[in-house]
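# A look at the structure
Spelled out from the first residue to the last, the chains are:
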Amino acid sequence: DIETTQVRMVDERILLTVFTIDGKHVYIVPGAHREAPLDLLHNTVGDSFWERLWSNQGEYVGHNAKFDQRFLRYHLRWPTKCTFDTMLAHYALDERKGVHDLKGLGARYFDVPDYEVDLHNYLDSRNDDYGKVPWDVLCRYAAWDAIITWHLYKTLKEELVDEGLGEWPFGQLLIPLQSTLLEAELSGIKIDYEYTFGLQEEWTKIKTEAAAELLALSDGLVTNPNSTQQLAKYFYQVLKLPRPTGRKMSPNSTSADAIAHLKGMHSAVDILLKYRRVAKLLSSYISNILQFADDSDVVHCDFMITGTETGRLSIRDPALQTIPRADEKEEGQYGVRIKNCFVARPGHTLINVDYNQAELRVGAALSGEPFLLEAYRTNTDVHAAVAIAMYGQGYSKTQRMLAKMVNFSYLYGGSEYSLAEVGGIPIETARGFIREYDRIMTRLRAFKHEQALLMQRQHYVSTRTGRRRRIPFRSRANFDEAKKAAINMPVQGGASDLTSLAAIRVAQSIKPLGARLLVLVHDAMLLECPDEVVDTVKEIAVRTMVATGEEFYPEVPWRADAEVGKRWGSMH
């Protein structure tokens, strides 16, 4: 375990490192703490002792060890490794969010008292500088971390064996995935600083001008576009626009959903939508990208392996997964322009390789739905095939859009209500659509029912890699959640696991070519390679993704599509 001034790898310093080899005694290696007797960490960088320390053939155990390894590799260049992570082990046993913290597990498993209490006398918040904590207090706190991790290792290792989860998903998926993502985080993604800074200036100007237009249009009433009271008074009392009537929505609501229904009714609404859009993109992406870039204009994002209950990865600092889809039809080209902040290093090219409809293919394989299997085996447009089955050859663009929407939402437990709301259609139309869809997809409908019964009988469902979604106690309160999870998790989790496994294999295969994995976004991976090996790396990535899909879901053909370019948002 390590203690750092704060959590940003690039800017912070390592205060100390602790080791235990017996769960009783702790060895403390002092670092940059102001009261440390010496800085044995930073002053001995390159000493062969550290390489010998990490060359042992035994197990190396940590809790959320990717965090510790990031700092040790980045600042000290230690050849770290982790063969057992207690946070990942607990995640394999209990996928719920927010239950994997070391202090909480220490209390739950071993009745350890709150040993963090002493820190509260010196820190104003969790985001405060841990260097303010006195040396002896920090050492004692770190010692507890190491000891609890050691004992958790013994306990959780047994639990993984008892539950049959030691090999899959823990040993064969989660541990190698952590190592793969650590390498991606340390490599980071290059940004075009001037381009990004220019976007910040351009969009800040748009935001300022939109606020001024709202102020003028409202005759000085809307002085702050973020004020819900001012907006509600202007829209509903002055302009007398129709108040929202949706479920669970206040008649004075100015939420995104409420304002979306007013689009096109008055120029002030369209100006507010532009203001909000640009303000959100500035704060969530552009400012974060600039903030988290290091001195080499490289962003080192943080992959959260335990961030979801289905197994889908999440990313923070910055949140690269939630960048708006790079839609060429979008006014303002926001998604494209944000992604274009990220560029290949000189002499290198970016390659984006994306599974084609991974979740639908997993759903087809698991359910054995003949309609879907036949469409994939004949390489037919699945959404068009559904639209034809429901409306005939003369289907409209809207009908194909609804078919596509249902194809995906059906696997998420979507209902006629969600279809009506998202599709903007009457509930009776949506109800009829779902009825017709059930008629076409009889096996898929039966699969949903079978999965719900499976969850009820064994209290969990799982992917083919062994990852589980557990709902041990069912009640009226969580009945709908359990039904949705029963079908959604094996599909979404299965597709996510495929991408992760393919990324592990691709990263290993392309490393000798000087290529590397940069980021995983849903069912796609972004790679970077020297210009002269683009075709080779692209072929390896596509072939590996297809082979991984066929290995775990052989019932359906698999396809992966590749794009190349110098900027992430402008690839072909």
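Heads up: these notes are all about the structure in this document. (Residues numbered from 1 in each chain as written. Predicted model: local features only at pLDDT ≥ 70, side-chain atom pairs only at ≥ 80, totals over all residues. Heavy atoms only, no water.)

### Things to note about unusual backbone geometry
Here the amide bond leading from Trp168 into Pro169 is cis, since omega sits at 5 degrees, within 30 degrees of zero. A positive phi angle, near 55 degrees, is found at Asp219, a position not held by glycine. Locating Asp219 in the fold gives a position in the loop between helix H7 (193–217) and helix H8 (228–238). Residue Asp219 is classed as exposed on the basis of its relative accessible area, which comes to 74%. Non-glycine residue Asp317 carries a positive phi angle of around 55 degrees. With respect to the secondary-structure elements, Asp317 resides in the loop between strand E9 (314–316) and helix H11 (334–339). Overall, the relative accessible area of 31% leaves Asp317 in the partly exposed class. (Helix = DSSP H or I, 4+ residues; strand = E, 2+ residues; numbered from the N terminus. Buried < 20%, exposed > 50% of the residue type's maximum accessible area, 1.4 Å probe, protein only.)

### Here we look at the sheet that holds strand E10 (residues 348–355)
The strand order across the open sheet built from 4 strands is E13-E14-E10-E15, with neighbouring strands paired in antiparallel fashion. Every other strand in the sheet has two partners, leaving strand E13 (516–521) and strand E15 (560–565) as the edge strands with one partner each. With strand direction ignored, the average angle separating the axes of adjacent strands in the sheet is 20 degrees. Pairing of E13 with strand E14 (residues 524–530) involves 5 bridges; the strand directions are antiparallel. Each bridged residue has a counterpart across the sheet, and for Arg516 the counterpart in E14 is Glu528. Across the sheet, helix H20 (residues 534–552) lies against E10, E14 and E15, angled at about 20 degrees from E10, the strand it touches most. (Pairing = 2+ DSSP bridges. Axes fitted to C-alpha atoms, helices over the stretch in contact; angles between N-to-C directions. Contact = heavy atoms within 4.5 Å.)

### Quick notes on the sheet that holds strand E2 (residues 14–19)
Here 3 strands make up an open sheet; going across it, the order is E1-E2-E3 and the pairing antiparallel. Strands at the two margins of the open sheet, each flanked by one partner only, are strand E1 (2–4) and strand E3 (27–30). Along the sheet, successive strands turn relative to each other by an average axial angle of 15 degrees, direction set aside. In this structure, E1 lies alongside E2, joined through 3 bridges in antiparallel fashion. Of the residues in E2, the one forming a bridge with Ile2 is Thr17. Of the strands in this sheet, E1 and E2 touch helix H2 (residues 65–76), which is tilted by about 70 degrees from E1. Its contacts with the sheet put helix H5 (residues 135–163) on E1, E2 and E3, and the angle it makes with E2 is roughly 40 degrees.

Purely geometric stuff here, so don't read any function into it on its own.
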